[in-house]
Amino acid sequence: MILTFHAVYACVTLIASDVAKCRVRLVEQDANGIWVATESASFSPVLRKPNHYQTWQQFIECWLNSKMTRGNTYVLKGRDNRGVVRALYVLDPCRCHPLVSSFDGSVYYALGVDDLSTVSEARDGINAVPASEIIHDRFNCLFHPLVGLSPIFAAGVCATKANTIDSYAAKFFKNSSRPGGILTAPGEISDDTAKRLKEYFETNFSGDNAGKVAVLGDALKYEMLAATAVDSQLIEQMEWSAKQVAAVFHVPGYLVGAEPVPANNNIEALRIDYYSRCLQTLIEGIENTLDAGLGLGPMGDGKVLGVELDLGGLLRMDTKSQVEVLTKASGGAYMKVDEARAAANLEPVT
């Protein structure tokens with residue numbers, strides 16, 4: 001139910017979709033320590049197409065949806081006959097959990113049945129695989145180094161409060177903005193009479209019938225009881241809850257409608273602030289766990305390989321600023337002309 005609060009849903013989907021904008025690249029470190037894009041028959045195919053039912057973008061969105069809502073992402077490796085990773089499957093975090101051997105501290109993962117990733121039901125007890133077959137991306141490990149916590153852990157109370165307010169407002173306006181009240185009589189009435197009058201009023205003057213004229217006799221009197229929407233300050237409460245949720249997810253409030261857009265219209269500065277405050281640790285977490293999970297780093301042939309998410313699409317400046325920066329950079333000793341043109345996705349010139 002917490003995900004039904006608009007600020008929680010907006011934060012989770014915004015983060016997942018923004019990181020999914022970044023193209024993945026296999027990179028190699030050259031003799032000068034510079035990382036350049038490369039290709040490898042062993043690693044490039046799985047980065048282009050992680051599995052048979054997802055694109056890279058869908059895969060990363062699924063990865064981050066799991067991490068942001070559950071604090072953990074479990075990715076199962078699918079290997080070929082040579083032991084090379086040919087597929088990656090994001091598993092349901094509710095069906096997975098780590099196991100630690102009391103003998104030597106080895107880590108295993110218990111997996112639930114998952115037809116898409118070909119995890120079948122175990123024939124003899126727990127269906128577990130060694131840690132070498134799982135990429136486990138986690139954060140906010142406050143209580144155990146193998147158990148992450150979602151930001152919803154801290155945002156749950158204010159999101160629940162906001163949903164309660166929203167439900168109350170929906171009922172309030174469904175009732176034609178007329179609050180509840182008390183029906184009083186001048187003298188004593190029996191329980192049966194009180195029950196009959198209550199049922200009569202609820203049936204004939206609530207819900208779609210709210211606003212109809214009631215004719216009261218025998219000196220009966222109707223008095224409104226609940227506070228109005230204005231007195232309850234529902235809008236202010238909802239805005240405050242949205243700001244709290246955005247703060248927990250480290251998302252600038254203006255990106256999820258929790259506060260106005262800053263007066264500073266420097267798009268690059270706003271994007272860098274969002275990146276450093278919220279996305280950087282998530283992106284580096286994906287890069288690091290993929291490096292470890294695919295066995296990248298110093299290779300047997302002397303190469304040093306790694307995974308890198310291209311931030312060009314995420315931190316893109318406005319066209320005018322981009323042209324000015326690249327022109328100045330290529331006019332000095334910082335970049336060559338063709339390097340500047342490549343940054344703008346233009347062909348080299350003679």
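Before any of the text, the structure's been laid out above.
Structural notes, computed from the coordinates. Within every chain, residues take consecutive numbers counted from 1 along the sequence as written. Per-residue local features are limited, in this predicted model, to residues with pLDDT of at least 70; the limit for side-chain atom pairs, both in listing and counting, is 80 or more; totals at the level of whole chains, interfaces and linings are taken over all residues. Note that the side-chain values use all heavy atoms of the structure and ignore hydrogens as well as water.

1. Observations concerning the side chain of Glu28
Right, on to step 1. Looking at the secondary structure, you find Glu28 in strand S1 (residues 24-29).
Right, on to step 2. Each residue gets one of three labels from its accessible area relative to the maximum for its type: buried under 20%, exposed over 50%, partly exposed in between, using a 1.4 Å probe on protein chains only. Charge counting follows a simple rule: Lys and Arg are positive, Asp and Glu are negative, and His as well as the terminal groups are ignored. Take a side-chain nitrogen of Lys or Arg and a carboxyl oxygen of Asp or Glu: if they are within 4 Å of each other, that pair is a salt bridge. For the buried Glu28, no salt bridge exists, and the shortest N-O distance to an oppositely charged side chain is 4.5 Å, to Lys303.
Right, on to step 3. Note on contacts: a residue pair qualifies if any of its non-hydrogen atoms lie within 4.5 Å across the two residues. Discounting residues that sit within four places of it in the chain, Glu28 has contacts with Ile34, Trp35, Val36, Thr38, Lys303, Val304 and Leu305. Here a strand is any run of E in DSSP of at least two residues, a helix any run of H or I of at least four, and the numbering for each starts at the N terminus.

2. Some thoughts on the sheet that holds strand S2 (residues 35-37)
Backbone hydrogen bonds are what pair the strands of a sheet, in a parallel or an antiparallel way.
Right, on to step 1. DSSP bridges decide pairing: two strands pair if at least two such bridges lie between them. The four strands are arranged S2-S1-S12-S11 in an open sheet whose pairing can be described as antiparallel. The open sheet is flanked by S2 and strand S11 (297-298), the only strands paired with a single partner.
Right, on to step 2. Note that S11 and strand S12 (residues 304-309) share two bridges and pair antiparallel. Bridge assignment links Pro298 to a residue of S12, and that residue is Val304.

3. A short note on helix H1 (residues 6-20)
Right, on to step 1. Multiplying 1.5 Å by the helix residue count minus one yields the expected span of that helix. A rise of 1.5 Å per residue sets the reference length of H1, with its 15 residues, at 21 Å; its end C-alpha atoms lie 21 Å apart and thus fit the reference within 8%.
Right, on to step 2. Extensive coverage of H1 is indicated by the burial of eleven of its 15 residues.
Right, on to step 3. Of the positions making up H1, those classed as buried are Ala7, Val8, Ala10, Cys11, Val12, Leu14, Ile15, Ala16, Asp18, Val19 and Ala20.

4. Focus: the pairing of strand S3 (residues 72-79)
Right, on to step 1. Across the eight residues that make up S3, a large majority, seven, are buried.
Right, on to step 2. For S3 and strand S8 (residues 134-138), the ladder comprises five bridges, and the chain directions are antiparallel. In the sheet register, Val75 faces S8, and the bridge partner there is Ile135.
Right, on to step 3. Between S3 and strand S4 (residues 85-90), which follow one another and run antiparallel, lie five residues, and Gly83 among them has a positive phi close to 85 degrees.

5. Quick word on a nonpolar patch on the surface
Right, on to step 1. On the surface, a nonpolar cluster with roughly 410 Å² of combined accessible area is contributed by Leu142, Phe143 and Phe153.
Right, on to step 2. According to the relative accessible area criterion, Phe153 is exposed, its value standing at 56%. Here, patches come from residues exposed beyond 30% relative accessible area and free of salt bridges, joined within 9 Å for like charges and within 5 Å for nonpolar side chains (Val, Leu, Ile, Met, Phe, Trp, Tyr). To measure how exposed things are, a 1.4 Å probe is used in the Shrake-Rupley method; for residues, cover is taken only from the protein chains shown.

6. Here's the deal with the environment of Glu287
Right, on to step 1. Relative to the helices and strands, Glu287 is located in helix H8 (residues 267-294).
Right, on to step 2. Note on Glu287: relative accessible area 16%, which makes it buried.
Right, on to step 3. Taking the C-alpha atoms as reference, Glu287 lies 5.6 Å from Val307; in sequence the two are 20 residues apart.

7. Focus on the pairing of S1
Right, on to step 1. As judged from the five bridges shared by S1 and S12, these two strands associate in the antiparallel manner. Of the residues in S12, the one forming a bridge with Val24 is Leu309.
Right, on to step 2. Of the strand pairs in this sheet, S1 and S2 are connected by three bridges, and their pairing is antiparallel. The residue of S2 that forms the bridge with Gln29 is Trp35.
Right, on to step 3. The antiparallel hairpin formed by S1 and S2 contains five residues in its connecting segment, where Gly33 sits at a positive phi of about 80 degrees.

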